[in-house]
Amino acid sequence: MLARVAAIGVVLAVLIAVPPLLGIGWQNAMTNMLIASLFAMAFNLLIGQAGLLSFGHAAFFGVGAFATLHLMLAIEDRSVSFSTPLLPLAGAAAGFVIGAFAGYFATIRSGVYFALVTLAVAELLHSLAPHWDGLFGGEAGLSSMRMPWGGLSFGSTLEVYYLALGWTALSILLLWAYTRTPFGRLTLALRDNEQRVRFMGYNAHATKVIVFAISAMFSGIAGALLAISNETANYSLFSLHVSAQVVLHTFVGGSTVFLGPVIGASVFTLFAFFVSDVTRSWLLYQGLVFVLIMLYAPLGIGGLVQAHMQHWSRLRWPDLAPAYALAGAVGACLTGAVVFLVEALQIVFSPEYAAARRRLDGAWPPIELFGLEWQVFSPVTWIVPSLLAAAGLLLLPHARRKLRESWDGVLERAEAERTAEPEPQLAGAVEP
Amino acid sequence: MHRRPRIPRAKAQPMEFLIISALNGVIYGLLLFMVSSGLTLIFGMMGVLNFAHASFYMLGAYIAYTIATTVDFWLGLLVAPILVGLLGIFIERYLLRRVHSHGHAHELLLTFGLAFIFEELIKLFYGDFPVNYAMPDYLRFAGFTIYGTDYPFYRLFIGFVAVAMFITLYLLLSRTRAGLVVRAAERLPAIAESLGHNVPFVFMGVFGTGAAFAGLAGAVAGAFFPTNPNMALELGVIVFVVVVVGGLGSLEGSLVASLLIGLFSSFAVGLDWSLAGLLSWVGLGDWARSVGGVFTLTLSSISGTVPFLLMLIVLLVRPAGLMGERN
Amino acid sequence: MNREPVLELVGVGKAFGSLKVMEGVDLTITAGERHALIGPNGAGKSTLFNVISGMFPPTAGEIRLRGTRISGLAPHEINRRGLSRSFQITNIFHRLSVFENLRIGVMARHGVRYGLMRPISRMSAINDEANAILERVRLARQHDRPAGDLTYSEQRALEIGMTLATGADVILLDEPTAGMSREETDQAVELIRVVTEGKTLLVVEHDMSVVFSLCDRVSVLVYGRILATGTPGEIRSNRQVQEAYLGEEVA
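We now examine the interface of chain A and chain C. Contact with chain A, which involves 36 residues of that partner, is made by 46 residues of chain C. When residues of chain A are sorted by the area they lose upon contact with chain C, Arg196(A), Phe199(A) and Met200(A) head the list and together hold 21% of the total. Inspection of the region where chain A meets chain C yields three salt bridges. Salt-bridge contacts for Arg95(C) lead to Asp192(A); the nearest nitrogen and oxygen are separated by 3.3 Å. The tally of links from chain A across to chain C stands at 19 residue pairs in polar contact (both at pLDDT 80 or more). Elements represented by at least two residues in the side of chain A that touches chain C include exactly helix 7 (157-180), helix 8 (182-192), helix 9 (194-199) and helix 10 (204-230) of chain A. Per element, the largest residue contribution to the side of chain A that touches chain C is eight residues, and it comes from helix 8 of chain A. Grouping the amino acids of the side of chain A that touches chain C by side-chain chemistry returns 19 nonpolar, eight polar and nine charged.

On to the confidence of the model for chain C, then. Chain-level pLDDT for chain C is 88 on average; 96% of the residues reach the 70-or-more range. Taken together, the chains of this predicted complex give a pTM of 0.90 and an interface ipTM of 0.91.

This part covers helix 5 (residues 112-128) of chain A. Relative to the 24 Å expected for 17 residues at 1.5 Å per residue, helix 5 of chain A spans 24 Å between its end C-alpha atoms, a close match to the ideal helical length. Judged by how many residues are buried, helix 5 of chain A sits mostly within the fold: 16 of 17 residues are covered.

A few words on the sheet that holds strand 4 (residues 60-65) of chain C. Residues and elements named next belong to chain C. The strand order across the open sheet built from four strands is 2-1-4-5, with neighbouring strands paired in antiparallel fashion. Each of the sheet's edge strands pairs with one partner strand only, and the pair in question is strand 2 (19-30) and strand 5 (68-69). Sheet strands touched by helix 1 (residues 45-53): strand 1 (5-16), strand 2 and strand 4. Its angle to strand 1, the strand with the most contacts, is close to 115 degrees.

Residue-level pLDDT values for chain A average 90, and 97% of them are 70 or greater. Of the regions scoring below 50 in pLDDT, residues 423-432 of chain A engages in 22 contacts with residues more than four places distant in sequence or in other chains.

Residue placement: Asn79(C) occurs in helix 2 (residues 75-80). On the basis of relative accessibility, which here comes to 6%, the residue Asn79(C) falls in the buried class. In terms of polar contacts, Asn79(C) uses its side chain to reach the backbone amide nitrogen of Gly201(A), at 3.5 Å. The residues contacting Asn79(C), other than those within four sequence positions of it, are Phe199(A), Met200(A), Gly201(A), Ser84(C) and Thr166(C).

On to the pattern of salt bridges, then. All names here are of chain B. Applying the stated criterion across every chain yields a total of 25 salt bridges over all chains. In this structure, Lys 123 and Glu 119 form a salt bridge, with 3.3 Å as the shortest nitrogen-oxygen distance. Linking Lys 123 with Glu 119, this pair stays in helix 4 (residues 104-126), spanning four residues, or about one helical turn. Using a relative accessible area of 11% as the deciding quantity, one classes Glu 119 as buried. Between Lys 123 and Glu 120 there is a salt bridge, and its shortest N-O distance comes to 3.6 Å. Taken together, the residues span about one helical turn, with Lys 123 and Glu 120 both in helix 4 at a distance of three residues. Residue Lys 123 shares its accessibility class with Glu 120, and that shared class is buried.

Parameters at a glance
Residues numbered from 1 in each chain as written. Chains lettered and ligands numbered in written order. Predicted model: local features only at pLDDT ≥ 70, side-chain atom pairs only at ≥ 80, totals over all residues. Heavy atoms only, no water. Contact = heavy atoms within 4.5 Å. Buried area = accessible area lost by both parts, 1.4 Å probe. Salt bridge = Lys/Arg side-chain N within 4 Å of Asp/Glu carboxyl O. Polar contact = N/O pair within 3.5 Å; in protein donor to acceptor, adjacent residues only side chain to side chain. Helix = DSSP H or I, 4+ residues; strand = E, 2+ residues; numbered from the N terminus. Nonpolar A, V, L, I, M, F, W, Y, C, P; charged D, E, K, R; others polar. pLDDT = per-residue confidence, 0-100. Expected span 1.5 Å × (residues − 1). Buried < 20%, exposed > 50% of the residue type's maximum accessible area, 1.4 Å probe, protein only. Pairing = 2+ DSSP bridges. Axes fitted to C-alpha atoms, helices over the stretch in contact; angles between N-to-C directions.

Written out as C-alpha cells, the structure is:
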C-alpha cells in the first residue's frame, strides 16, 4: 500500500514538474493524455465496476464540451460571471443530467441491447447536432475564448495543462473514493449478479441509472477540459470514433485494474503524438493492437502488470527472462514485417503516388521508407518483410511454449502455497 | 452525375410524394433487411452480436467495385458475396471461437476491433473518400414513369435482389436439413449437438452465409448509393437500431423493423413538419417560431435522427422489441 | 406461540400463456412456524416461490404479507417489506469476498442503498453485523475468499446467510440441502434451525427426513394445487398424500 502511494506520488511529481521544461507540442499532447485518461476512467466505471459496456460514451463527452462552451460564451459576452478554473462544473452537470436521461433508457435492457442503445443515443446526437444551430452551432460548431481569472490569463498551453491535471487528479481520486462507499460495493455486486441484488432489496434499475449518470458526469468533465483546451467543439465529438477510442484505451489498458484505463489512454495518446507525423495508418495499428490484446491478453496491459505484481515473489527470472527475450524478438520481427507492409502499401495506394505515376507516364517510381528508397517491383523490397515475417512465425510457437512453461511454473508455486495453508473448516460444521 | 432521384416535396405533389416515398422506403427497408437478417440470425444462434457485420456490407461493395472496374460488373456481384462469406467463415473459425470462453462481451469487443480494422484497411487501399462504383450504363434507365418522374430501374433491382435473398433464406431454413439443424440449434444448442449434429460447423456456416448476404447487399447497393469508408458505420448503426426495434434473434421482427424504419426515414426526408407547425394548430405557432431551437427543426432536416427516436419509443413501450421474446 | 397469519396466499394461480402451472393455491403461514412445501418434481414449487418473491406476478389471486398485498410488487419492494428468499441454484456474487456478499444484504437492512458520502469501512454497525452473520453461518475463516472459490456446501451456507442478511423475518429457502451428502445435510439442517430462530420459515425440500425433523407444518403441492396441509404426522398418515406422492417412501 505504501509503495503504491509512493509510486503515485512520484508520477504526480513528474506530471507537475516536467511539463514546463517541454515544448508546446508536448504540453498539448500531455493535456490530451490527461483528458483521454479521465474519459477512460469515467467509461470504466461502467464496464469495469458495473459490468455495463457502453458504445456511446462520446455522447456525454460531447455534451460536457458543448455545455462548457455555452458557459464560456456567456462569460465572454459578460452576461455571466464565472470562475474559469471551475468551468468543468458545467460539463459535469450537463453530463450528469443527460447521462441520467440516456441511462434510464439504456439500462431498461442489459447485455448487448445496452451496448446498442448507448450507441444509438450517441448517434442520435451525432445526427441531430449539425441541424441544431442554437444548441450545437450547426455544422461549424461553437467557439469561444478562455477568459482570465484571478490573476491567471489562461492564455498559455501550460496553464491549461495544469488545469486539466488538477481536474483529472481530483476526478480520479473521487472515482477511487467511490469504490470505497456502500454504493461502490453495490455497483460491484450488480456486475456479478443483478438478479440477486434485486432480491436483496435494491432497485437494480435505479442503481444502474445512478452509476450511468455518475460515469456520464465524469465523461462530461473530460469533455469540458477538451472544450477549454481547444476553445471549440463541433458535432464530430459525438461520432462513433470518439466512443471507439475510449473503448480501445480502456481495454488495451485493462478494465479490471483500477488505473488500467489510464495506462491505455496514456500509451495510445502519447504514441499517436509520436507517430502521427510519420504515418497515416496509426488508427490501423491501434485496431490491430486492440484485437491482438483481445485475443491473447484479455485483461490488457494492466492485467499483465497486475499478474506480475501479484506473483512477484514467485517469479523466477532465470526462467522468465529468456522466454520474454524470445517473445520480444518474435514480436519485433512480426511488428517490423507488418509495419513495412502497411507503410509500403499505404504509399503505393496513396493519391500522391498515383499522381507521381501519371507524371512519369505510368512508370512505378521507387518508394521512400525508413530513410531508404525501395523499388516497387524489386524482389529485395518484398524479401525484407517476408524474411521478418518468416522468422517471426517460425519462432512464434517456440516463444509461446516457453512463455506458457515459465508461467505454468509460477502458477504451480502459487497453487502449492495456497494448498499449504491449513485446511479451512467445513462450512456449517457443528462445533463440539 | 445524379444517382438519387429528385425527392418530391409533400406539399407540391402529394400523390407523387406518397408513392415515390413509399417505394423508396420499402426498397431501403429491404436493403436494411439484407444486412440485418444475417446479424439477427447469428445472434439468435450464437449469442454473438457481430459488430463487424456492416463491415461485410462495405467489403462487399469495395470488392465488387474492384472487380467491376477491372473485369465485369456482374462478376463482381457474384464474387463479392463469396469472398465476404469466406472471410466470415475465417473470422468465426479462427478468431471468435478463440475468445468464446471469455463471454459474449468479449466476442462483441473483438468484432468491434475487427470493424475498426476493416475501416482502416479500406482507407489504406482506397483512400478516405468515396470511390466511383457505378452500375453499368445499360442499367441506367427508368423502370417506370409516374407523374412525370422517372423511377430508376436499379432501385427496383435492389429490391428484387433482396426479395430473392429472402426467399432463398426462407427455403434454406424451412426446406433443407441444414436449416432444420439451424432452427434446432437456435433454440437448444446442446440438444442439437446431442442429436449428432456438428453444431460448431453449423455456426460457421450460418456466420458465413450471413456475411455473404451482407456482402451481396453491399455489392448491389454500393453501385447505387455512395461507396465510401463510412458506409459500414452509417448503415451499421441503423441496422443495430433495426435489430433492437425488431427484437434480436427474430427474423420476422427484423423484416418488420427494417420496413418500418425504411418507410419512416423515406417519408421524413420529404416532410417539412416541425414542432412549431404542430403547435400552430393550437395557436402557439408564432410563439414557438420566436423561441426557435427545437421547435423549428424540420422533420426533413432530422430524418437521420428518426430511427433513433423510434428506437427509444419502442424501448419504453415494448422493451423486448416488436417481435422479441416476451421475458 | 403467536398464531397470527404472516403470509397468506388466496386463490393464487400462474399461467405462462395458455399453460397453467398453478391454480387456486390457498396457503397460510403463521408467525414463527417452520413450514415445508413438498411435492413431486414439476409440481410448481419453484414457480410458487418465484410468484411469492416477485420474480413474476401471479395471474390470479392475491398474496398478503402481514395483511398487506404484495402480489404484483417488484422483488426489491417485497424484500423491503420483510420477505427474503434463497435460490435453488446458488445465486451469489462470485467475484466478491464472502464478507462482502453478506455486507450487501446488511447494507440494505440499514437502508444504506445509495450511500456515496462515507466510506463503508467506517460504518461499524454494518460491518459488525455482517461479521456476526458470517459467524452464525460459520464462514468466518473464509472472510476474504472470493465467494466463487468456496466449496459447494460453503456456498449453500453463504446463500442462507445472504437470505438472512437483509433482516427479513419471513424466510423462503429453496431446497437448501439439494446436492449435499448425509453429513452435510445434517449440518445444514442444524444451521437452518439455529439461524431461523424467531423467524417464519417456508422451505422447499425433497428430503423427507429433513422435512419431518425441521418443520412444524407441511403442505403438499401436486400439479399446481395444494393437496393437503397439516402437521408432519397428519401428512404422513394422509391417504391421498401417500397415493399421490409419498407412496413407497413412507407407506
